[in-house]
Amino acid sequence: MSEPTHDNTNLLNTMKAACRDTLRCMQCGVCSGSCPSGRHMAINIRRLVKKAARTVDVLKDEQLWMCTTCYNCQERCPRNIDIVEAVFSLRSIAVHEGIMLPEHGRVSGLLIRHGHAVPIDDERKKQRTELGLDEIPLTVQSCPEGLEEVRTLLKSCGFDRLTGDRDKSNAKTETA
Amino acid sequence: MRGLSLFLGCVIPNRYPGIEMATKLCLAKMDIDCVELKGASCCPAPGLFRSFDRTAWLALAARNIVLSEELGRDILTVCNGCYSTLADANRIMKDDKALREQVNRHLAGIGREFKGSIEIRHIIEYLHRELGPQGIGKHVERPLDIRAAVHYGCHLLKPSRERGLGSFERPEFFDELIESLGATSIDYPDKTECCGAGGGVRSALKEDSLRLAQHKLSRIKEAGVDCIVNACPFCHMQFDLGQEEIRRITGIEYNIPVLHYTQLLGLALGFTPDMLGINLNVIKNNTFVQRIENGQ
């Protein structure tokens with residue numbers, strides 16, 4: 001199942017190029033022993049590292065999204081493998097293959113619409129005024145030209161295509 | 001030394017504005033040259049957008065950095081996530097010419113250019129390096145006789161070879177800043193462990209992420225403290241709002257006040273809990289607030 005087929009050879013080559021570092025792994029297990037997510041969730045970072053440059057199956061593995069990027073594994077790896085960098089690379093390849101958790105698609109939509117992953121809501125506007133701050137923060141939220149720049153950049157990088165039209169379908173939940 | 005521009009990010013201005021107020025009050029009172037970085041966006045969040053597309057992540061980070069380059073000021077972050085993104089992106093683009101040129105082609109579309117002329121600072125790192133615990137101590141008007149559980153948060157310390165703040169295993173600089181206010185920083189098991197929020201885990205797998213927070217909260221509760229002190233609004237949210245979310249799921253109540261360091265500093269500089277927005281937390285702890293207001 002993990003052998004490359006004709007269809008996924010290019011994908012596997014992309015993964016190999018991005019995660020070449022992980023081939024130095026000697027499977028000592030210091031990474032999974034140091035992983036706080038591994039104590040509370042199903043993630044086994046040692047196995048992810050083992051699979052990183054070897055099989056495209058890893059892209060569909062939910063464990064890939066259980067890493068909090070705390071860097072304990074990378075700090076302690078005796079082979080100096082940049083494990084968190086490998087996780088970032090694998091996630092990005094997965095996203096470019098259309099694999100993204102629903103909530104992450106929603107947050108991406110917020111970034112495109114507001115320039116913020118967590119935009120302002122009415123409750124905080126009130127709190128801000130009571131504290132003596134500007135009602136709307138002096139970020140892109142109060143700067144339409146700035147927001148336009150953010151959108152232009154995201155479009156120029158193809159980010160809007162990656163997240164599809166999820167930003168439009170979830171407009172109602174934006175202040176959750 | 002260059003002046004600073006204050007980078008707010010998302011969670012501070014839009015969820016915990018008390019931290020924004022505390023930061024501004026403290027910087028002004030300590031006479032630190034800092035202006036607001038107007039028109040900035042999401043950093044963008046490392047756990048989410050760095051995971052999705054490296055170029056888009058770099059390009060948005062570069063725009064934020066350029067806004068401060070144009071002011072000739074270093075960026076001051078008050079959030080570990082913003083620090084992680086902006087410091088890493090700044091270093092990556094300074095070191096990798098080809099990548100810098102690629103990002104600059106995108107930036108040219110909005111009439112901007114990344115030059116690599118400034119540094120990214122985190123308020124904890126800045127206060128420790130530039131003022132030091134003794135320098136902070138000189139500003140204290142109300143010494144705080146409290147026991148605090150410090151939570152460094154991952155991205156302030158790691159990757160340690162890039163941060164240059166010493167070993168992540170037993171760091172001390174944040175503890176020293178807390179003790180400079182008269183407080184006692186209490187040791188507890190798993191002190192440097194993750195709060196569970198980062199890497200997009202809180203946003204997509206909240207119940208899983210809360211198990212990490214609960215583990216830390218139970219260790220902190222056992223140690224017996226008056227409050228948790230953090231350096232990051234996302235860790236702050238995970239511990240503050242997280243306590244209520246954990247109560248709903250498990251029925252367990254921790255009732256531990258959660259303060260960003262700027263709020264603790266603000267108390268020591270003589271500001272009231274209300275001015276610092278400590279009452280805006282989800283976890284209201286009147287005992288703690290009364291202790292501060294009554295001078296213990």
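Here the structure is a predicted model, which is why all the values come from computation and not from measurement.

J.: Sorry if this is basic, but what is going on with the sheet that holds strand E4 (residues 120–122) of chain B here?
T.: All names here are of chain B. The 4 strands lie next to each other as E2-E1-E3-E4, forming an open sheet whose pairing is parallel. The open sheet has two edge strands, strand E2 (34–36) and E4, and neither has a second partner. Each adjacent strand pair in this sheet contributes to an overall mean axis angle of 35°, direction not counted. This element, helix H5 (residues 80–95), spans strand E1 (4–7), strand E3 (74–77) and E4 of the sheet and lies at about 155° to E4. Packed on one face of the sheet, helix H7 (residues 123–137) meets E1, E3 and E4 and runs near 85° to E4.

J.: Which parts of the structure should I look at to understand the UniProt feature "domain: Cysteine-rich" (unreviewed entry) in chain B?
T.: All names here are of chain B. The UniProt record marks residues 6–86 and 149–240 with the feature "domain: Cysteine-rich" (unreviewed entry), using the residue numbering of this structure. As a span, residues 6–86 carries 59% helix and 11% strand, and end to end its C-alpha atoms are 13 Å apart. Across residues 149–240 one finds 49% helix and 10% strand; the C-alpha atoms that close the span lie 14 Å apart.

J.: Help me understand empty space enclosed by the protein, please; the structure alone is not making it clear to me.
T.: If a probe the size of a water molecule is rolled over the atoms, the empty space left behind becomes visible. All names here are of chain A. Applying the stated criterion across every chain yields a total of 4 cavities of 30 Å³ or more. Taken as a whole, the largest cavity holds about 100 Å³ of empty space. Around the largest cavity, the lining is made up of 14 residues, and of these Cys25, Cys28, Cys31, Cys77 and Ile81 lie nearest the centre. The set of elements that each furnish at least two residues to the lining of the largest cavity consists of helix H2 (30–33) and helix H4 (45–52). The computed volume of the second largest cavity comes to approximately 70 Å³. Contributing to the lining of the second largest cavity are Cys35, Pro36, Ser37, Ile45, Cys67, Thr68, Thr69, Cys70, Tyr71, Asn72, Cys73 and Val84. Counting only elements with at least two residues in the lining of the second largest cavity, the list comes to helix H3 (36–40) and helix H5 (72–76). The residue inventory of the lining of the second largest cavity, partitioned by class, reads 8 nonpolar, 4 polar and no charged.

J.: Honestly, the sheet that holds strand E6 (residues 184–185) of chain B in this entry has me stumped. Any pointers?
T.: Hydrogen bonds between backbone atoms are what pair the strands of a sheet, whose relative direction is either parallel or antiparallel. Residue and element names in this part refer to chain B. One open sheet accounts for 4 strands, arranged E6-E5-E7-E8; its pairing is parallel. The strands lining the two open edges of the sheet, one partner per strand, are E6 and strand E8 (258–260). The sheet contact formed by strand E7 (residues 227–230) and E8 spans 3 bridges and is parallel. Residue pairing for E8: Asn230 is matched across the bridge by His260.

J.: Honestly, the interface of chain B and chain A in this entry has me stumped. Any pointers?
T.: Each partner contributes residues to the interface: chain B has 67 residues there, and chain A has 60 residues. Taking both sides of the interface into account, the surface hidden between chain B and chain A amounts to around 5,300 Å²; carbon and sulfur atoms contribute 61%. Taken together, the links from chain B to chain A amount to 9 salt bridges. Two residues, Arg63 of chain B and Glu149 of chain A, come together in a salt bridge whose shortest N-O distance is 2.9 Å. The tally of links from chain B across to chain A stands at 31 residue pairs in polar contact (both at pLDDT 80 or more). For the side of chain B that touches chain A, the element with the highest residue contribution is helix H3 (residues 46–52) of chain B, accounting for 7 residues. Residues that form the side of chain B that touches chain A fall into these classes: 28 nonpolar, 20 polar and 19 charged.

J.: Quick question: what am I supposed to make of the pairing of E7 of chain B here?
T.: Within a regular strand, side chains alternate between the sheet's two faces. All names here are of chain B. Both faces of E7 are covered, namely the face carrying Cys227 and Val229 and the face carrying Ile228 and Asn230. In terms of strand pairing, strand E5 (residues 147–151) meets E7 through 4 bridges, oriented parallel. Bridge pairing links His151 to Asn230 in E7. Once the chain exits E7 it traverses helix H13 (residues 233–250) before rejoining the sheet at E8, and the crossover so formed is right-handed.

J.: Any chance you could explain helix H15 (residues 286–293) of chain B here in plain terms?
T.: Because an α-helix completes one turn every 3.6 residues, residues spaced three or four positions apart along the sequence face the same direction. Near the N-terminus of H15 of chain B, the side chain that reaches the backbone nitrogen of Thr287 of chain B, with its oxygen 3.2 Å away, is that of Asn285 of chain B. With its phi angle positive at about 60°, Gly295 of chain B sits one or two positions after the end of H15 of chain B.

J.: How should I be thinking about the pairing of E5 of chain B in this particular structure?
T.: Residues and elements named next belong to chain B. Extensive coverage of E5 is indicated by the burial of 4 of its 5 residues. Bridge count for E5 against E6 is 2 bridges, and the pairing is parallel. If you follow Arg147 over to E6, its bridge partner there is Thr184.

J.: Whenever I open this one, the nonpolar core confuses me. Can you help?
T.: Where a protein is soluble and globular, its nonpolar side chains tend to be buried together. With 162 residues, the main nonpolar core has Phe49, Leu127, Phe174, Tyr261 and Leu264 of chain B as its most contacted residues. Looking at which element gives the most residues to this core, the answer is helix H4 (residues 54–69) of chain B, with 10 residues.

J.: Any chance you could explain unusual backbone geometry here in plain terms?
T.: A negative phi angle characterises most non-glycine residues, just as the trans form characterises most peptide bonds. A cis amide bond, omega 0°, links Cys43 of chain B with the succeeding residue Pro44 of chain B. Checked against the element boundaries, Pro44 of chain B lands in the loop between E2 and H3. Here the bond from Lys158 of chain B into Pro159 of chain B is cis, since omega is 0°, no more than 30 degrees from zero. Of note, Tyr71 of chain A is a non-glycine position whose phi angle comes to about 75°, a positive value. Inspection of the secondary structure puts Tyr71 of chain A in the loop between H4 and H5. For Tyr71 of chain A, a relative accessible area of 2% gives the class buried.

J.: What is the right way to read the layout of surface pockets from this model?
T.: Taken as a whole, the second largest pocket spans an internal volume of roughly 280 Å³. What lines the second largest pocket is Ala18, Cys19, Asp21, Thr22, Asp82, Glu85, Ala86, Phe88, Ser89 and Ser92 of chain A together with Arg50 and Arg54 of chain B.

J.: Just checking my understanding: could you explain the packing of aromatic side chains for this structure?
T.: Here the distance between the centres and the angle between the planes together describe a pair of aromatic rings. Summed over all chains, the structure comprises 6 aromatic pairs over all chains. Ring geometry for Phe159 of chain A and Phe49 of chain B: centres 5.9 Å apart, planes at 70°, overall edge-to-face. Residue Phe159 of chain A is found in helix H10 (residues 159–162), and its partner Phe49 of chain B is found in helix H3; the two belong to separate chains. Both rings, one in Phe174 of chain B and one in Tyr261 of chain B, keep their centres 5.7 Å apart while their planes meet at 80°; by these two values the pair is edge-to-face. You can see Phe174 of chain B sitting in helix H10 (residues 173–179) and its partner Tyr261 of chain B sitting in helix H14 (residues 261–268), a full 87 residues away along the chain. The class of Tyr261 of chain B is buried, set by a relative accessible area of 1%. Here the aromatic cluster, defined as three or more aromatic residues joined through ring pairs, consists of Trp65 and Phe159 of chain A together with Phe49 and Phe52 of chain B.

About the cut-offs
Residues numbered from 1 in each chain as written. Chains lettered and ligands numbered in written order. Predicted model: local features only at pLDDT ≥ 70, side-chain atom pairs only at ≥ 80, totals over all residues. Heavy atoms only, no water. Pairing = 2+ DSSP bridges. Helix = DSSP H or I, 4+ residues; strand = E, 2+ residues; numbered from the N terminus. Axes fitted to C-alpha atoms, helices over the stretch in contact; angles between N-to-C directions. Contact = heavy atoms within 4.5 Å. UniProt positions renumbered as here; feature names shortened; annotations may be inferred. 1 Å grid on protein atoms, 1.4 Å probe; cavity = no way out; pocket = protein on both sides within 12 Å on 5 of 7 lines; lining within 4 Å. Points joined across faces, edges and corners; volume = space filled by probe spheres on them. Nonpolar A, V, L, I, M, F, W, Y, C, P; charged D, E, K, R; others polar. Buried area = accessible area lost by both parts, 1.4 Å probe. Salt bridge = Lys/Arg side-chain N within 4 Å of Asp/Glu carboxyl O. Polar contact = N/O pair within 3.5 Å; in protein donor to acceptor, adjacent residues only side chain to side chain. Buried < 20%, exposed > 50% of the residue type's maximum accessible area, 1.4 Å probe, protein only. Right-handed = clockwise from strand over helix to strand, strands pointing away. Core = buried A, V, L, I, M, F, W, Y, C linked by side-chain atoms within 4.5 Å. Phe/Tyr/Trp six-rings, centres within 6.5 Å; stacked < 30°, edge-to-face > 60°.

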